[in-house]
Amino acid sequence: MKHIKINNGFNECNIYLIGTAHVSEESVRKVEEAIININPDVVAVELDRERFLAIMGNNDNMDNIDIKRVIKEGRVGIFLLHMILSYFQKKIGEELGVKPGSEMKKAIEIAIQHQKPISLIDRQINITLTRLLNKMSLKEKINFFLSLFEENGEIDIDNKSINDMVNNADELVLLLKDISPTIYEVLVDERDRYMAKNLYELSKGNEKIVAVVGAGHIRGIINYLKKLEKGEDIDLNELNMTKKSRIWKYIGKIISVAIVLVILYGFYSISSNIDALKKLTLEWVIINGFLSALGVVIARGHVISALVAFLSAPITSLIPFVGAGWIAGLAELKFREIKKSDIIALFHANSVKELLNNNLMRILLVAALANLGSAIGTLYFIPKFLGH
């Protein structure tokens, strides 16, 4: 547990940061002891409203998942990322006999028992995942999806390694920064700033706060609290933005249109040579369509969905903002009726194989990988068209 006293301009407040591993039994005990011994004015937890409801057993949101809307609005990647991260956290927790989020639930229960106000200080999970996908490069996204098929489903973690993770959280965070600066920035640093700002505002009018957060966030939160105390500010509105700035939005549109123009130019430049035009057109249809269909096959989608991807990819690649995955995913949905049991099973999968066999996950992967295949096929032709 780390302690910091800050002066917020109104009063001094003692903030006690309890660093936990989200699947550690020891973390649960530490949280309970700290809240009882410190007797804080407020208990802050590293949760948003959605995760708060999930931990407290309110799963009504499961019934409200509209898979058609997820596909049409292009939120497949966000949904996939959310599900996969939830699965791995759940799997590690099962290995240790601890339900993920137990320490947060214990903090909430103790706070309620002692009639202490509860503050949810973390950013909404969907905002975090949206910002992550927006900032990840195409290479990072490809590596992420490919890693799904490399995982053997076995996770070998013992209690000692989890306790080590709490004790050596700073080193692990720095390791993550070296492995993937983008993931570190969005999942760690941005949330450090977000929670620090919320704790700083929460300190006004309170003398003691107990904050239950992941061990890897402790150092960052303390650093940002010190900066806030010195007068620096943190803009929560900026950290909540999921849409790219207008400049980048226009740049994205210009790039999409430019790619289409390059493709059309390539076809036009050889239009006088009928044989060459036929050959290039056939190559375009086969390669673009094949790679998109291959994505469906890798996702183990229905043969009709693969055929739909093959036929639509060469066309949708010429229409900005419409993806082959959008069409292939909706086609797959025709063959896989999504029931509440599929949604529940997705959250309770016991292995990677079970996760990938889930009907809902299969549809999401069909949409994501069909789009990926079509994008690779389109990029393959850019140098060829520019050469004409």
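In this text, all values refer to a predicted model and were calculated from it rather than measured experimentally.

Concerning the pattern of salt bridges
Here is step 1 of the chain: A complete count under the given rule lists twelve salt bridges for this structure.
Here is step 2 of the chain: A salt bridge links glutamate 190 to arginine 131; the nearest nitrogen and oxygen atoms lie 2.9 Å apart. Placement of the pair is glutamate 190 in helix H10 (residues 181–203) and arginine 131 in helix H6 (residues 125–135), with a sequence separation of 59 residues. Residues glutamate 190 and arginine 131 agree in their burial class; the two are buried.
Here is step 3 of the chain: One salt bridge in this structure joins glutamate 238 and arginine 131, with 3.7 Å as the shortest N-O distance. A residue pair is termed long-range when its members are at least 10 positions apart, and glutamate 238 in helix H12 (residues 236–239) and arginine 131 in helix H6 qualify at 107 residues.
Here is step 4 of the chain: Judged by relative accessible area, arginine 131 falls into the buried class, the value being 5%.

Focus on the sheet that holds strand E1 (residues 2–7)
Here is step 1 of the chain: Spatial ordering of the open sheet is given by E1-E2-E5-E3-E4, a layout of five strands whose pairing is mixed. The open sheet is flanked by E1 and strand E4 (118–120), the only strands paired with a single partner. Averaged over all pairs of adjacent strands, the angle between strand axes in this sheet comes to 25 degrees, irrespective of strand direction.
Here is step 2 of the chain: As judged from the six bridges shared by E1 and strand E2 (residues 12–20), these two strands associate in the antiparallel manner. Looking at E2, one finds that lysine 2 is bridged to leucine 17.
Here is step 3 of the chain: Of the strands in this sheet, E1, E2, strand E3 (42–45), E4 and strand E5 (208–214) touch H10, which is tilted by about 165 degrees from E5.

Describing helix H16 (residues 324–335)
Here is step 1 of the chain: In this model H16 runs 17 Å from its N-terminal to its C-terminal C-alpha over twelve residues, within 8% of the 16 Å that 1.5 Å per residue would give.
Here is step 2 of the chain: Ala324, Gly325, Ala328, Gly329, Leu330, Ala331, Glu332 and Leu333 are the residues of H16 that are buried.

Let's talk about the packing of H10 against helix H11 (residues 218–229)
Here is step 1 of the chain: It is at 8 Å that the axes of H10 and H11 come closest, and there the two elements cross at 50 degrees. Between H10 and H11, the angle falls in the class oblique. Pair H10 / H11 crosses with right-handed handedness. For the pair formed by H10 and H11, the contact residues are Asp189, Asp192, Arg193, Met195, Ala196, Lys197, Leu199 and Tyr200 on the first element and Gly220, Ile221, Tyr224, Leu225, Leu228 and Glu229 on the second.
Here is step 2 of the chain: Split by residue class, the contact of H10 with H11 holds eight nonpolar, one polar and five charged.

Overview of the nonpolar core
Here is step 1 of the chain: Counting 25 residues, the largest nonpolar core has Ile15, Leu17, Ala44, Leu199, Ile209, Ile221 and Leu225 as its most contacted members.
Here is step 2 of the chain: Where this core is concerned, the elements lending two or more residues are E1, E2, E3, H10, E5 and H11.
Here is step 3 of the chain: The residues contacting isoleucine 15, other than those within four sequence positions of it, are Lys2, His3, Ile4, Ile6, Leu199, Ile209 and Leu225.
Here is step 4 of the chain: One finds Val31, Ala34, Val45 and Ala111 within the second-largest nonpolar core, a separate group that totals 17 residues.

Here's the deal with H6
Here is step 1 of the chain: A large share of H6 lies buried, amounting to eight of its eleven residues.
Here is step 2 of the chain: Where H6 is concerned, the buried positions are Ile125, Ile127, Thr128, Leu129, Thr130, Arg131, Leu132 and Leu133.

With respect to the UniProt feature "transmembrane region" (unreviewed entry) in the chain
Here is step 1 of the chain: In the numbering used here, UniProt assigns the feature "transmembrane region" (unreviewed entry) to residues 247–268, 280–298, 304–331 and 363–382.
Here is step 2 of the chain: Secondary structure across residues 280–298 comprises 100% helix and 0% strand; the distance between its end C-alpha atoms is 26 Å.

Side note on the pairing of E5
Here is step 1 of the chain: Of all seven residues that make up E5, six are buried, and the element is covered over most of its length.
Here is step 2 of the chain: Two strands pair when backbone bridges link them, and E2 and E5 are joined in this way by seven bridges, in the parallel orientation. Bridging across to E5, leucine 17 finds its partner in alanine 211.

Definitions and cut-offs
- Residues numbered from 1 in each chain as written.
- Predicted model: local features only at pLDDT ≥ 70, side-chain atom pairs only at ≥ 80, totals over all residues.
- Heavy atoms only, no water.
- Salt bridge = Lys/Arg side-chain N within 4 Å of Asp/Glu carboxyl O.
- Helix = DSSP H or I, 4+ residues; strand = E, 2+ residues; numbered from the N terminus.
- Buried < 20%, exposed > 50% of the residue type's maximum accessible area, 1.4 Å probe, protein only.
- Pairing = 2+ DSSP bridges.
- Axes fitted to C-alpha atoms, helices over the stretch in contact; angles between N-to-C directions.
- Contact = heavy atoms within 4.5 Å.
- Expected span 1.5 Å × (residues − 1).
- Parallel < 35°, antiparallel > 145°, perpendicular 65-115°, else oblique.
- Left-handed = near helix turned anticlockwise from the far one by under 90°.
- Nonpolar A, V, L, I, M, F, W, Y, C, P; charged D, E, K, R; others polar.
- Core = buried A, V, L, I, M, F, W, Y, C linked by side-chain atoms within 4.5 Å.
- UniProt positions renumbered as here; feature names shortened; annotations may be inferred.

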